[in-house]
Amino acid sequence: MVEGPADPLERQARLDAIAAEVRACTRCSLHRTRTQGVPGTGPVTARLMAVGEAPGENEDRLGRPFVGAAGQLLTELLEGIGLSRDDIFITNVLKSRPPQNRDPLPEEVAACAPYLDAQIALIRPLVILLLGRHALGRLVAGAPPISRCHGSPIRADGRVYLPVYHPAAALYNGGLLATLRDDFRRLRELLDELEADRPAPPAGSAGPSGLAVPPAEATEEGRPAAAQQLALF
Ligand code: URA
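Visitor: Teacher, can you tell me more about the overall build of the protein chain here?
Guide: A tally of helices and strands in the protein chain yields eight helices and six strands. The contacts of the protein chain with a sequence gap of at least 6 include a subset with a gap of at least 24, amounting to 73%.

Below, the structure is given as structure tokens:
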């Protein structure tokens, strides 16, 4: 698995190589039922990364994440805080669709873990937006339930995570939509705070520097290995 160079062109090439690996992946049995792998979309220089659960029917057919109804809501929520989807790297915990959109199995999460870990290490986003409980559970060991921690930034492994309800949840439960909009406003504030704190890149540098953080060690279950010190801001 690939990760880590400084040059954005080299990082983009490695991100593209991961995408090719995902499309050819047979690491778990989902490759037998999927139409195609869905690696993720967006530039390696993205300051924001959004991680969902797994491709659904539309994503499986089109090969891109969040292109169905939940994706439309995600796009609207991002645009509502002045962000364009094109500037964000969007991906999922699982890169292949589970049959009938059932929950990811632990062995599937573990099989896919190296892809997501390598994408994060290459992109080095300022903020990782965790869309729903599966993304939260995959990336933040020991996190509280999403009902308790949504909208509150979590610092762990030298990274900054913002858990929010999955947009699909707001499609089924309209009462969550206002909460989701509030949490996206918090995302805007958080990005602004972190951008303001970020040291200016040296004159003549090739591109955005990002957070220099080591990738988390993943266990067999695809969770970060060490017990984490969670710090809610
Ligand atoms: N839901 C997800 O979690 N991911 C997608 O890509 C689409 C819907």
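Visitor: Hey, could you run me through the packing of helix α1 (residues 8-23) against helix α4 (residues 106-123) in this one?
Guide: Geometrically, a packed helix pair is captured by the angle between its two axes and the distance between the axes. The contact between α1 and α4 brings their axes to 10 Å, and the two run at 165°. When the axes of α1 and α4 are compared, the pair comes out roughly antiparallel. In the crossing of α1 with α4, the sense of the turn from one axis to the other is left-handed. Contact with α1, carried on its side by R11, R14, L15, I18 and V22, involves Y115, A118, Q119 and L122 of α4 and no other residues of that element.

Visitor: Where do I start with the nonpolar core in this structure?
Guide: For soluble globular proteins, nonpolar side chains are generally found buried alongside one another. Core analysis: the biggest nonpolar cluster contains 58 residues, and M49, V51, L129 and L130 have the highest contact counts within it. Per element, the largest residue contribution to this core is 10 residues, and it comes from α4. Look past the residues within four positions of V51 in its chain and what remains in contact with it is T91, N92, V93, L116, I128, L130, L131, A135 and L139.

Visitor: How should I be thinking about the pairing of strand β2 (residues 89-92) in this particular structure?
Guide: Regular strands show a simple pattern: their side chains alternate between the two faces of the sheet. Neither face of β2 is left uncovered, since the one carrying F89 and T91 and the one carrying I90 and N92 both have all their residues buried. Of the strand pairs in this sheet, strand β1 (residues 48-52) and β2 are connected by four bridges, and their pairing is parallel. Within β2, the position partnered with A50 by the bridge is I90.

Visitor: Could you clarify how one ought to interpret unusual backbone geometry in this entry?
Guide: Where the residue is not glycine, phi is negative for most of them; where a peptide bond is considered, it is trans in most cases. The backbone of N101 sits at a positive phi, close to 55°, despite the residue not being glycine. You can see N101 is positioned in the loop between β2 and α4. Residue D157 is not a glycine yet carries a positive backbone phi of 55°. Position of D157 relative to the elements: it lies in the loop between β4 (154-156) and β5 (159-164).

Visitor: Help me understand helix α8 (residues 176-197) in this model?
Guide: Helical periodicity: at 3.6 residues per turn, an α-helix aligns residues three or four positions apart in one direction. Helix length check: α8 (22 residues) gives 31 Å between terminal C-alpha atoms against 32 Å at 1.5 Å per residue, within 8%. Elements in contact with the buried residues of α8: β1, α3 (69-80), β3 (127-131), β5 and α7 (167-172).

Visitor: Please explain the environment of F89 as it appears in this structure.
Guide: Note on placement: F89 falls in strand β2. In this structure F89 comes out as buried when scored by C-beta crowding, with 24 C-beta atoms within 10 Å. The sequence separation of F89 and R47 amounts to 42 residues, and the corresponding C-alpha distance is 8.3 Å. If we skip the residues at most four places from it in the chain, F89 touches G40, G42, P43, A46, M49, I123 and P125.

Cut-offs and rules
Residues numbered from 1 in each chain as written. Predicted model: local features only at pLDDT ≥ 70, side-chain atom pairs only at ≥ 80, totals over all residues. Helix = DSSP H or I, 4+ residues; strand = E, 2+ residues; numbered from the N terminus. Contact = placed C-beta atoms within 7 Å. Axes fitted to C-alpha atoms, helices over the stretch in contact; angles between N-to-C directions. Parallel < 35°, antiparallel > 145°, perpendicular 65-115°, else oblique. Left-handed = near helix turned anticlockwise from the far one by under 90°. Core = buried A, V, L, I, M, F, W, Y, C linked by C-beta atoms within 7 Å. Buried ≥ 20, exposed ≤ 12 C-beta atoms within 10 Å, placed from the backbone. Pairing = 2+ DSSP bridges. Expected span 1.5 Å × (residues − 1).

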